[in-house]
Amino acid sequence: MNKIEHIGIAVNDLQSAGNIYEKLLNTKVYKIEEVQSEGVKTAFLMNGPNKIELLEASNPDSAIAKFIAKKGEGIHHIAFEVDDIRAEMKRLKEDGFVLLNEEPKLGADNKLVCFVHPKSANGVLVELCQSVI
Ligand code: ZN
């Protein structure tokens, strides 16, 4: 696994959270994207080399809606960049980690993604992501 690719933050309202993070980081949201398969709307900000992904549920069945109902707004996941997502998925599975998807999925920001169950990682939802160009 390579560097942290981004940190995902669950928010109630993408617009107001975007405004807050624009002020906090003194930079603009550079991309807003809906991932319909995941039921999320996302907004991205860069702060130096670090990327923040804000996530708002786009329907009540979304994992983000469930997360916020249970835990409130806050850090939702940490994403690590990988060169070969299938190889990393295989390695983690063989090591006993529980993956939330068997095949890589197309996520936001042109990434193939796979999530590792928080129960496997001390309560942290971990995302693997590989850039697709
Ligand atoms: Zn993410």
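Scroll up for the structure.
Residues numbered from 1 in each chain as written. Predicted model: local features only at pLDDT ≥ 70, side-chain atom pairs only at ≥ 80, totals over all residues. Heavy atoms only, no water.

Visitor: Tell me about the side chain of Thr42, and name the residues and values.
Guide: Structurally, Thr42 can be placed in strand β3 (residues 40-47). In this structure, Thr42 is in contact with Leu14, Lys31, Ile32, Glu33, Glu53, Leu54, Leu55 and Ala108, ignoring residues within four places of it in sequence. (Helix = DSSP H or I, 4+ residues; strand = E, 2+ residues; numbered from the N terminus. Contact = heavy atoms within 4.5 Å.)

Visitor: An account of helix α3 (residues 85-94) is needed here, citing residue identities and associated values.
Guide: Those residues of α3 not exposed but buried are Ile85, Glu88, Met89 and Leu92. The arc enclosing the buried residues of α3, seen along the axis, measures out at 100 degrees, which places them on a common side. When the buried face of α3 is taken as reference, the exposed residues oriented beyond 90 degrees from it are Lys90 and Glu94. Here the buried face of α3 lies against β7 (111-116) and β8 (126-131). In this structure Asp84 caps α3, since a side-chain oxygen of it lies 3.3 Å from the backbone nitrogen of Arg86. (Buried < 20%, exposed > 50% of the residue type's maximum accessible area, 1.4 Å probe, protein only. Arc of directions from axis to C-beta. Polar contact = N/O pair within 3.5 Å; in protein donor to acceptor, adjacent residues only side chain to side chain.)

Visitor: Residue-level account of helix α1 (residues 14-25), with values.
Guide: With 12 residues, α1 ought to run about 16 Å at 1.5 Å a step, and its terminal C-alpha atoms sit 16 Å apart, in line with that. Buried within α1 we find Leu14, Ala17, Gly18, Glu22 and Leu25. Summarising the axial view, the buried residues of α1 lie within an arc of 140 degrees, below the 170-degree limit, and thus occupy one face. Seen from the buried face of α1, the exposed residues on the opposite side, beyond 90 degrees, are Ile20, Lys23 and Leu24. Two or three places before Gln15, at the start of α1, stands the capping residue Asp13, its side-chain oxygen 3.0 Å from that residue's backbone nitrogen. Just downstream of α1 lies Asn26, where phi reads positive at about 60 degrees. (Expected span 1.5 Å × (residues − 1).)

Visitor: I'd like to hear about the coordination of the zinc ion, residue by residue, with values.
Guide: A four-donor tetrahedral metal ideally has 109.5 degree angles, and a six-donor octahedral metal ideally has angles of 90 or 180 degrees. At 2.0 to 2.2 Å from the zinc ion lie its protein donor atoms, namely His6 (NE2), Glu53 (OE), His77 (NE2) and Glu127 (OE). For the zinc ion, the four donor atoms are set out with angles of 85 to 173 degrees between them, so the coordination reads as irregular. As a motif over one chain, the donors of the zinc ion read H-x46-E-x23-H-x49-E. With a gap of 74 residues between them, Glu53 in strand β4 (residues 50-57) and Glu127 in strand β8 connect regions that are remote in the sequence. In this structure, Glu53 and Glu127 share a single accessibility class: buried. (Donors = N, O, S within 2.8 Å, 3.2 Å for Na, K, Ca; no water. Tetrahedral: all angles 85-135°; square planar, octahedral: opposite > 155°, others 65-115°.)

Visitor: Let's hear about the packing of aromatic side chains: which residues, and what values?
Guide: The final tally for this structure, using the stated rule, is one aromatic pair. A centroid spacing of 6.2 Å and a plane angle of 40 degrees characterise the contact between Tyr30 and Phe44, whose relative ring orientation is tilted. One end of the pair, Tyr30, is in the loop between α1 and β2 (31-35); the other, Phe44, is in strand β3, and 14 residues separate them in sequence. Taking relative accessible area as the criterion, Tyr30 reaches 41% and is therefore assigned partly exposed. The class for Phe44 is buried, based on a relative accessible area of 1%. (Phe/Tyr/Trp six-rings, centres within 6.5 Å; stacked < 30°, edge-to-face > 60°.)

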